[in-house]
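Examining the three-dimensional arrangement
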Amino acid sequence: MNSPRPKRTRLRAKGKSSQPSLTEADIKTLESILGHKFKNPEMLIRALTHPSAVASADSVRLSNQRLEFLGDRVLNLVIAERLIDRRRMESEGDLAPRLNSFVRKGACAEAMRYLGISQFLIMSDGEIASGGRERESTLGDACEAIIGAIYQDAGLSTARKFIEKGWAPQFEAAPAQTKDPKTLLQEWAQGQGLPLPDYDVLSRSGPDHEPTYEVEVKVADRGAAVAAGSSKRDAERNAAALLLESLTGTP
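Predicted model, so just to flag it, every value in this text is computed and none were measured.

Side note on the sheet that holds strand 5 (residues 223-229)
Sheet architecture is open: three strands sit in the order 3-4-5, paired in antiparallel fashion. In this open sheet, the two strands that pair with only one neighbour each are strand 3 (198-205) and strand 5. On average, each strand axis in the sheet is inclined to that of its neighbour by 20°, with strand direction left out of account. Sheet analysis places strand 3 next to strand 4 (residues 212-219), joined by seven bridges and oriented antiparallel. By the bridge assignment, Tyr199 is partnered in strand 4 with Val217. The sheet strands contacting helix 11 (residues 181-191) are strand 3 and strand 4, and the helix crosses strand 4 at an angle near 15°. Packed on one face of the sheet, helix 12 (residues 232-248) meets strand 3, strand 4 and strand 5 and runs near 140° to strand 5.

A look at the nonpolar core
Counting 44 residues, the largest nonpolar core has Leu48, Ile117, Ile146, Phe162 and Trp167 as the members making the most contacts within it. Those elements that place two or more of their residues in this core are helix 1 (24-34), helix 2 (41-47), helix 4 (65-86), helix 5 (92-103), helix 6 (105-115), helix 8 (136-154) and helix 9 (156-166). Residue contributions to this core peak at eight residues, all from helix 8. Those residues in contact with Trp167 that sit more than four places away from it in its chain are Leu75, Phe102, Ala107, Cys108, Ala111, Cys143, Ile147 and Phe162. Residues Leu185, Val217, Val219 and Leu243 belong to the second largest nonpolar core, which totals twelve residues.

Description of the pairing of strand 5
In this structure, strand 4 lies alongside strand 5, joined through seven bridges in antiparallel fashion. Across the sheet, the residue bridging to Tyr213 is Gly229, located in strand 5. Hairpin connection, strand 4 to strand 5: the antiparallel pair is bridged by three residues, and Ala220 has positive phi, about 45°.

Thoughts on the packing of helix 11 against helix 12
Orientation of helix 11 relative to helix 12, taken along the N-to-C sense of each, is 40°, at an axis distance of 8 Å. Comparing their axes, helix 12 and helix 11 come out oblique. Seen from above, helix 11 lies across helix 12 with left-handed handedness. Between helix 11 and helix 12, the contacting residues are Pro181, Lys182, Leu184, Leu185 and Trp188 on the first element and Glu236, Arg237, Ala240, Ala241, Leu243, Leu244, Leu247 and Thr248 on the second. Classifying every residue of the contact of helix 11 with helix 12 gives nine nonpolar, one polar and three charged.

Describing helix 1
Listed in full, the buried residues belonging to helix 1 are Asp26, Ile27, Leu30, Glu31, Ile33 and Leu34. The arc enclosing the buried residues of helix 1, seen along the axis, measures out at 160°, which places them on a common side. Opposite its buried face, helix 1 presents the exposed residues Glu24, Lys28 and Ser32, each directed more than 90 degrees away. Contact partners of the buried residues in helix 1: helix 2, helix 6, helix 8 and helix 9.

So, the environment of Glu164
Counting through the fold element by element, Glu164 comes out in helix 9. Overall, Glu164 belongs to the partly exposed group, its relative accessible area being 27%. Separated by 82 residues in sequence, Glu164 and Arg82 have C-alpha atoms that sit 9.7 Å apart. Residues contacting Glu164, with those up to four places away along its chain left out, are Arg82 and Phe171.

Looking at the confidence of the model for the protein
Residues of the protein with pLDDT of at least 70 account for 90%, and the chain-wide mean is 88. Looking at the elements of the protein, mean pLDDT is at its lowest for strand 1 (residues 10-11), recorded as 41, and at its highest for helix 9, recorded as 98. Under a pLDDT of 50 for its full length, residues 6-17 has, in the predicted model, 22 contacts with residues more than four places off or in other chains.

Rules and cut-offs
- Residues numbered from 1 in each chain as written.
- Predicted model: local features only at pLDDT ≥ 70, side-chain atom pairs only at ≥ 80, totals over all residues.
- Heavy atoms only, no water.
- Pairing = 2+ DSSP bridges.
- Helix = DSSP H or I, 4+ residues; strand = E, 2+ residues; numbered from the N terminus.
- Axes fitted to C-alpha atoms, helices over the stretch in contact; angles between N-to-C directions.
- Contact = heavy atoms within 4.5 Å.
- Core = buried A, V, L, I, M, F, W, Y, C linked by side-chain atoms within 4.5 Å.
- Buried < 20%, exposed > 50% of the residue type's maximum accessible area, 1.4 Å probe, protein only.
- Parallel < 35°, antiparallel > 145°, perpendicular 65-115°, else oblique.
- Left-handed = near helix turned anticlockwise from the far one by under 90°.
- Nonpolar A, V, L, I, M, F, W, Y, C, P; charged D, E, K, R; others polar.
- Arc of directions from axis to C-beta.
- pLDDT = per-residue confidence, 0-100.

So this is what it looks like as structure tokens:
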């Protein structure tokens, strides 16, 4: 879904405590995309405000970090309820990897791209120049913050409608059977009579609000793989997928 490019974002007033803002036209366009007219537009603006756009001392108050925290929990609840309702014969072990596939940062970033919201993110010039509008972790954080903002402004039902809209392509493409790469790698190792995979965090880089983890996974002397992710769990999953493909030839 494509939207017209917004006008340049502006600040309401000079000084480090200024709340970043958007034009009224941008807000109307966003509300149309999201399917919700905000009673408090400031909530939407905050959801789109990357920490780089405000002074570090004001990050907690003015950026999207707290809304991201809330939105992550709302997203997990909505997806869990959806799976319970639609997958009535599946066990917890079957449902868990499905849940993970829909709530990971990559899935949130995909929803942002599908809806065409990334162009409205408010961030510093340096962050934009470094590719912030395309960075998976940044898009994922903003998407969760938008969910949190909608939840606070209008409640769970409206937040659920946004998630159903934003995740529609992913819901349609979801496989009938799915397992987490870590589970598949563990099952492969056990089937070969080998020890369980061993995961090791090699490094953690980036600011606290946007870390990158690098993880190595090994299965005895059969092979190893290294991958990165915006969380330790995502990095482990990515590494497991790479090693599994190397060992079995199956992506």
